[in-house]
Amino acid sequence: MPSVTFPAFIMSLNTSVLYHLGEISDPATGKKQADFDLARHGIETLMLLQEKTKGNLTSDEEGMLKGILYDVKMRFVNAVKK
């Protein structure tokens, strides 16, 4: 079984957050639906990974994670305001 790379795992969590923010359609129904609790959980998971992997990532991985976290946090704030 092939192992999942750290960037692929982070991108998967990012996609999950975007889905739960209602920015990505459900592939089965084509509908967008927001669930802010699950979006928050995904963001908190990314934050936990950032904390627990500090000093163990390449500069590219660290930059990707930092950028994704900034992006999803801003999207969350904007989604909750609507």
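The text that follows walks through the structure, step by step, so that each part is easy to find. From a predicted model like this one, the values you see are computed outputs, not experimental measurements.

## Some points on the overall build of the chain
A tally of helices and strands in the chain yields 3 helices and 0 strands. Helices and strands in the chain line up, N terminus first, as α-α-α. If you line up the chain on its principal axes, its C-alpha atoms span 40 × 35 × 20 Å. Evaluated residue by residue, the chain yields a buried proportion of 28% over its 82 residues. Residue pairs in contact within the chain that sit at least 24 positions apart in sequence constitute 56% of those at least 6 positions apart. Taken together, the 10 basic and 10 acidic charged side chains of the chain have centroids lying 6 Å from each other.

## Some points on the packing of aromatic side chains
Counted according to the given criterion, the structure contains 1 aromatic pair. On the basis of an interplanar angle of 75° and a centroid distance of 6.0 Å, the ring pair of F36 and F76 is categorised as edge-to-face. A residue pair is termed long-range when its members are at least 10 positions apart, and F36 in helix 2 (residues 36-52) and F76 in helix 3 (residues 59-81) qualify at 40 residues.

## Here's the deal with the pattern of salt bridges
The full count for this structure, using the stated rule, is 3 salt bridges. Note that R75 is salt-bridged to E23, the shortest N-O span being 2.3 Å. Here R75, found in helix 3, pairs with E23, found in the loop between helix 1 (6-20) and helix 2; they are 52 residues apart in sequence, far enough to count as distant. Among the residues examined, R75 registers a relative accessible area of 31% and is labelled partly exposed.

## Here we look at the environment of T45
Tracing the backbone through its elements, the reader meets T45 in helix 2. For the pair T45 and S59, spaced 14 residues apart in sequence, the C-alpha separation works out to 20 Å.

## So, the side chain of H20
Examined against the element boundaries, H20 turns out to sit in helix 1. The class of H20 is buried, set by a relative accessible area of 16%. The residues contacting H20, other than those within four sequence positions of it, are Q33, A34, D35, F36, L38 and A39.

Reading guide: rules and limits
Residues numbered from 1 in each chain as written. Predicted model: local features only at pLDDT ≥ 70, side-chain atom pairs only at ≥ 80, totals over all residues. Heavy atoms only, no water. Helix = DSSP H or I, 4+ residues; strand = E, 2+ residues; numbered from the N terminus. Buried < 20%, exposed > 50% of the residue type's maximum accessible area, 1.4 Å probe, protein only. Contact = heavy atoms within 4.5 Å. Lys, Arg positive; Asp, Glu negative; His and termini not counted. Charge placed at Lys NZ, Arg CZ, Asp CG, Glu CD. Phe/Tyr/Trp six-rings, centres within 6.5 Å; stacked < 30°, edge-to-face > 60°. Salt bridge = Lys/Arg side-chain N within 4 Å of Asp/Glu carboxyl O.

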